[in-house]
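# Coordinate analysis (summary)
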Amino acid sequence: MPAEKLLPEIVERIFTYLTRDTASTEDTWTYQLTLLAVCRTWRYVGLSMVYRHLFISSATKTAAIDRQCPEWKKDVVTNIDLIVAQGYQPLAKSFKINLCDLSISTMLQFANQKLAVSEISWNHISEFILHAESDYAINMEDNENIIINQAIHQFVTLLPGIDRLKLEFHEDDFGCTELVDHMKKRYGYQITYLDGNSSSLQGNHKLSNLSYLRVEFAVESEVSQNHINAESLKHIKLYDLFPFELWSMLYSSNSNGILFKNLQTLSLCPYSMYSDLECHSVETQIYAQLQFPELRSLEMSINADSQKLIQYAHFPSKLQKLRIHSVDGEDIVVKDIKFGMAERRQLAAHIGQACQGDALPLANYLLGKETNASYAFMRAFGNSPLLRNKQLCLPQLSCLCIIGITCTEKIHKLLSSLSLRLPENYPVTKIHDEMYINVRISTQTIQLK
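Fair warning: this is a prediction, and the values are worked out from it, not measured in the lab.

### A closer look at the overall build of the protein chain
Across its full length, the protein chain carries 14 helices and 22 strands. Within the span of the protein chain, comprising 449 residues, buried residues form 49% of the whole. Counting contacts in the protein chain only where the partners sit at least 6 residues apart, residues at least 24 apart contribute 67% of the total. When the accessible surface of the protein chain is totalled, it reaches about 21900 Å², and 48% of it is carbon and sulfur.

### A closer look at the pattern of salt bridges
For the coordinates displayed, the defined rule picks out 7 salt bridges. Across the salt bridge formed by D195 and R214, the nearest N and O atoms sit 3.2 Å from each other. A residue pair is termed long-range when its members are at least 10 positions apart, and D195 in strand β6 (residues 193-197) and R214 in strand β8 (residues 212-216) qualify at 19 residues. The salt bridge involving R323 is made with D331; its shortest N-O contact spans 3.3 Å.

### Re the side chain of N229
Summarising the element assignment, N229 is placed in strand β9 (residues 227-229). Judged by relative accessible area, N229 falls into the buried class, the value being 15%. Of the polar contacts made by the side chain of N229, one reaches the backbone oxygen of S208; its length is 3.2 Å. Setting aside its immediate chain neighbours within four residues, N229 contacts L207, S208, L210 and Y251.

### A look at the packing of aromatic side chains
One pass over the full model with this rule turns up 9 aromatic pairs. A centroid spacing of 4.3 Å and a plane angle of 5° characterise the contact between Y193 and Y212, whose relative ring orientation is stacked. Placement of Y193 in strand β6 and of Y212 in strand β8 is noted, with a sequence separation of 19 residues between them. Each member of the pair, Y193 as well as Y212, is classed as buried. When the ring centre of Y193 is taken as origin, the NZ or CZ atom of R164, which lies over that ring, is 3.8 Å away.

### Concerning the sheet that holds β9
Strand order in the open sheet made by the 3 strands is β7-β9-β11, with parallel pairing throughout. Across the chains shown, the open sheet's two edge strands, defined by having one partner strand only, are β7 (206-207) and β11 (250-251). Sheet topology places β7 next to β9; 2 bridges connect them, and they run parallel. Pairing of L207 across the sheet is with I228, part of β9.

### A few points about helix α12 (residues 341-355)
For α12, with 15 residues, the first-to-last C-alpha span of 21 Å sits near the 21 Å given by 1.5 Å per residue. Among all positions of α12, only R344, L347, A348, H350, I351, G352 and A354 are buried. G357 sits one or two positions beyond α12 and adopts a positive phi of about 105°.

### So, the nonpolar core
Residues F95, L130, F155, F260, F292, L298 and L309 are the most contacted members of the largest nonpolar core, which totals 115 residues. If we skip the residues at most four places from it in the chain, F260 touches A230, L233, I236, W247, L250, L290, Q291, F292 and P293. Core analysis: the second largest hydrophobic core is formed by 5 residues, F377, C399, C401 and I403 among them.

### Description of the side chain of S267
Position of S267 among the secondary structure elements: in strand β13 (residues 265-269). Residue classification places S267 among the buried residues on the basis of a relative accessible area of 3%. Of note is the side chain of S267, whose polar atom sits 3.1 Å from the side chain of E299. With near-sequence residues (within four places) excluded, S267 lies in contact with I236, K237, L238 and E299.

### Structural notes on the environment of G340
Relative to the assigned elements, G340 resides in the loop between β17 (330-338) and α12. The exposure class assigned to G340 is buried, which follows from its relative accessible area of 17%. Between the C-alpha atom of G340 and that of S317, which follows or precedes it by 23 residues, the distance is 4.4 Å.

### Quick look at the confidence of the model for the protein chain
Mean pLDDT over the protein chain stands at 77; residues scoring 70 or higher make up 72%. Long-range and interchain partners of residues 272-281, a stretch whose pLDDT sits below 50, account for 14 contacts in this model, where long-range means more than four residues apart. Here residues 443-449 scores under 50 on pLDDT; set against residues more than four positions off or in separate chains, the count is 19 contacts.

### Points about the pairing of strand β3 (residues 94-99)
Among the 6 residues of β3, 6 are classified as buried, and the element is accordingly described as predominantly covered. Because side chains alternate across β3, one face comprises the buried residues S94, K96 and N98, and the other comprises F95, I97 and L99, equally buried. Relative to strand β4 (residues 127-132), β3 runs parallel, the two being bridged by 6 bridges. Looking across to β4, one finds that I97 is bridged to L130.

### Considering the packing of helix α1 (residues 8-18) against helix α3 (residues 40-50)
Between α1 and α3, whose axes approach to 9 Å, the crossing angle comes to 35°. Where α1 crosses over α3, the handedness of that crossing is right-handed. Contacts from P8, V11, E12, I14, F15 and T16 in α1 reach T41, W42, V45, G46, M49 and V50 in α3. Its residues placed into classes, the contact of α1 with α3 shows 8 nonpolar, 3 polar and 1 charged.

### As for the environment of F169
Considering the arrangement of structural elements, one finds F169 in the loop between β5 (164-168) and α7 (176-187). Remark: the alpha-carbon pair of F169 and A132, spanning 37 residues in sequence, is separated by 4.7 Å.

Analysis parameters
- Residues numbered from 1 in each chain as written.
- Predicted model: local features only at pLDDT ≥ 70, side-chain atom pairs only at ≥ 80, totals over all residues.
- Heavy atoms only, no water.
- Helix = DSSP H or I, 4+ residues; strand = E, 2+ residues; numbered from the N terminus.
- Buried < 20%, exposed > 50% of the residue type's maximum accessible area, 1.4 Å probe, protein only.
- Contact = heavy atoms within 4.5 Å.
- Areas by Shrake-Rupley, 256 points an atom, 1.4 Å probe, with all protein chains shown as cover.
- Salt bridge = Lys/Arg side-chain N within 4 Å of Asp/Glu carboxyl O.
- Polar contact = N/O pair within 3.5 Å; in protein donor to acceptor, adjacent residues only side chain to side chain.
- Phe/Tyr/Trp six-rings, centres within 6.5 Å; stacked < 30°, edge-to-face > 60°.
- Lys NZ or Arg CZ within 6 Å of the ring centre and 35° of its normal.
- Pairing = 2+ DSSP bridges.
- Expected span 1.5 Å × (residues − 1).
- Core = buried A, V, L, I, M, F, W, Y, C linked by side-chain atoms within 4.5 Å.
- pLDDT = per-residue confidence, 0-100.
- Axes fitted to C-alpha atoms, helices over the stretch in contact; angles between N-to-C directions.
- Left-handed = near helix turned anticlockwise from the far one by under 90°.
- Nonpolar A, V, L, I, M, F, W, Y, C, P; charged D, E, K, R; others polar.

Below is the structure:
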């Protein structure tokens with residue numbers, strides 16, 4: 001079918017996919033612009049998506065550039081001039097700075113110059129993205145401390161409407177932390193979305209309206225001074241962050257504990273490799289204060305803190321989705337399960353056994369009839385000891401994903417050991433590496449022997 005005859009809904013999906021990553025180079029954005037030239041429908045549908053993102057980026061990834069040289073501007077590319085010249089600045093909703101071999105102060109000065117030249121207000125820009133590649137981090141000179149503070153102050157003044165921060169930089173990227181600290185101080189009351197790493201949580205700030213929090217690789221000393229309103233949070237995703245570091249940041253107006261009255265998704269993933277460090281374990285009374293009345297989805301790994309969370313925190317009597325990582329190296333997902341006090345005590349006991357190295361009772365419980373799950377999914381490697389355990393029971397299994405099998409014969413042998421078999425001529429597709437076969441099988445095709 002010719003491109004110009006595609007339905008607008010399909011074209012919108014195409015643009016959504018192609019612009020899912022914010023343009024941060026001239027080539028990427030130029031490519032996106034060419035899509036608007038396909039036909040009127042493509043231009044009508046894609047215009048707001050392509051012109052949504054402003055960016056400033058280093059043009060090279062070579063050696064560090066002398067910032068005293070007046071020619072440094074030639075090494076910075078941006079789409080601000082073109083968007084303003086064409087009159088599409090009201091479509092801009094996001095601003096991205098992409099650092100490679102230029103310092104943050106250099107980029108901010110350039111950004112301020114471009115934003116201030118126009119008499120246009122940029123208060124419609126609500127998202128700021130900072131990306132810095134640590135391999136090219138530039139050490140700030142002594143006189144840059146004053147320069148960067150002045151540049152940061154002007155920058156946040158030019159973009160008063162920021163309420164979403166996406167921060168992709170290493171803690172050693174000089175100047176980035178200062179910028180983020182100033183932005184949280186300026187925008188703290190209005191920030192609703194924060195996605196970053198440990199450096200993005202440094203400082204003493206009150207984030208009273210935060211609804212989405214995603215953090216990677218934080219340590220206690222970097223996050224303990226933040227203050228986040230638990231009642232405004234809707235989604236929490238923590239990766240390699242100890243839970244006690246999160247609980248230490250929270251506050252709530254509820255006098256009987258910490259109330260997450262709007263929280264729908266809680267992901268604590270995975271940090272099980274640290275679970276043997278008792279100094280990081282949260283006291284039981286802390287978990288007893290946590291209340292999740294509206295929680296729908298819970299994701300966690302196998303460790304002592306997960307056991308305490310399940311056993312002592314307050315949850316709704318039913319849970320739409322529970323995902324547990326590292327059940328003897330595998331992932332298990334169950335949906336629409338009973339989650340009352342009795343069920344949680346039993347689950348906590350099984351997690352405790354899994355912490356001691358015996359994951360079989362936990363797997364049998366999640367995939368058995370006791371949870372009364374409407375859907376049960378298991379992802380496992382072909383050489384998984386758990387899959388090869390003859391005591392594994394799968395009465396409620398809805399879907400089994402087997403990873404890294406080398407031949408169809410081994411698939412049949414493995415399923416046979418599980419008292420399952422594949423129908424003849426079942427399609428098995430090799431993906432990525434021709435040496436391995438990844439199989440996703442539903443119970444509609446698996447037949448009990």
